[in-house]
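Structural overview for review
Each chain, letter by letter, is given below.
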Amino acid sequence: MRNIIILLGPPGAGKGTVGSELSDILNIPLISSGDLLRENVKKCTVSGEKAQKYMDAGELVPDDIVIEMIEGRVSGEKCKEGFILDGFPRTLVQAEMLDKIISDKDALNVFYLKAGDDFLVNRLSNRRVCGNCGKIYHLVNIPPKKPGVCDVCGGHLVQRQDDNEEIIRKRLSVYRDLTAPLLDYYKKKGVFYPIPGDTDIKRMLGEIKKTVQW
Ligand code: AMP
């Protein structure tokens, strides 16, 4: 039995932060499709080169590129006890692909991190990420001890290229059109748990703990 957790929700709802904490607590890997894509862009792989223009515009990368990346990861040895997905699936086609690799023996739980647009725009505009280890900060709510420097590894903090208001609003509209239909998809499967995304990490983890034991 694998422990499979899907973190659903609009950009900025806290999927990456929650996923990273859960990964430490449950000792299963966090797989972020956005991080995988950014790695590919950085390394100038063929997929990365194809993906970049969509990411810069706040649009979704074509399903085949993302699906191939995720398939490669989840079938690896490290995922044999389970895994946490952040940012995948984002379309019905991706959800259907995922169904094919989840068996009846797996424990699947989908957490929907819910938050309003203005809250998300504020959170994302203030987000900074460590360019080295990926740790996420918020300039007001979770500031680094030393400005611009990661508390964990001393890496340089950067602002993501797509974390500017115009692109954030575009990403939110893409989310509503293409990803929000997945809420019903997982509700129908009876594995859907909404939790507040506009609160602190402790409270979010507390909500998740009602469903996933640790
Ligand atoms: P994220 O880091 O999850 O906010 O994703 C950043 C960008 O990567 C998104 O705006 C999309 O362009 C792309 N992306 C990430 N995950 C997916 C996915 N599952 N399907 C399509 N595009 C994705």
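Residues numbered from 1 in each chain as written. Predicted model: local features only at pLDDT ≥ 70, side-chain atom pairs only at ≥ 80, totals over all residues. Heavy atoms only, no water.

**Description of the pattern of salt bridges**
Tallying each qualifying case throughout the model produces 14 salt bridges. The residue D163 makes a salt bridge to R127 at a minimum N-O spacing of 2.9 Å. One end of the pair, D163, is in the loop between β7 (157-158) and α7 (165-179); the other, R127, is in strand β5 (residues 127-130), with 36 residues separating them in the sequence. Since its relative accessible area comes to 14%, R127 is described here as buried. As a salt-bridge pair, D162 and R160 come within 3.0 Å of each other at their nearest N and O atoms. There is no split in this pair, since D162 and R160 are both buried. Shared partners join several salt bridges into a network, and the residues in it are R127, R160, D162, D163 and R171. (Salt bridge = Lys/Arg side-chain N within 4 Å of Asp/Glu carboxyl O. Helix = DSSP H or I, 4+ residues; strand = E, 2+ residues; numbered from the N terminus. Buried < 20%, exposed > 50% of the residue type's maximum accessible area, 1.4 Å probe, protein only.)

**A short note on the site of the ligand**
In the vicinity of the ligand, 16 residues are found, and the nearest of them are S33, R38, E59, G87 and Q94. Here an oxygen atom of the ligand sits 3.0 Å away from a polar atom, N or O, in the side chain of R90. Between the ligand and the protein, one listed contact pairs a nitrogen atom with a side-chain N or O atom of Q94 at 2.9 Å. Protein contacts shield 96% of the accessible area of the ligand, which totals 480 Å² for the unbound molecule. If one sorts the elements of the shell around the ligand by residue count, helix α2 (residues 33-42) sits on top with four residues. (Near = heavy atom within 4 Å. Polar contact = N/O pair within 3.5 Å; in protein donor to acceptor, adjacent residues only side chain to side chain. Areas by Shrake-Rupley, 256 points an atom, 1.4 Å probe, with all protein chains shown as cover.)

**Section: the packing of aromatic side chains**
Within the structure shown, the criterion is met by three aromatic pairs. Relative to Y193, the ring of F111 lies with its centre 5.7 Å away and its plane at 35 degrees, an arrangement referred to as tilted. With F111 in strand β4 (residues 107-114) and Y193 in strand β8 (residues 192-196), the pair connects residues that are 82 residues apart, well separated along the chain. Between Y112 and F192 the ring centres are 5.8 Å apart and the planes differ by 25 degrees, which places this aromatic pair in the stacked class. Residue Y112 is located in strand β4, and its partner F192 is located in strand β8; the two are separated by 80 residues in the primary sequence. Taken as a pair, Y112 and F192 share a single burial class, namely buried. The cationic tip of K135 hangs over the ring face of Y137; the distance from NZ or CZ to the ring centre is 5.5 Å. (Phe/Tyr/Trp six-rings, centres within 6.5 Å; stacked < 30°, edge-to-face > 60°. Lys NZ or Arg CZ within 6 Å of the ring centre and 35° of its normal.)

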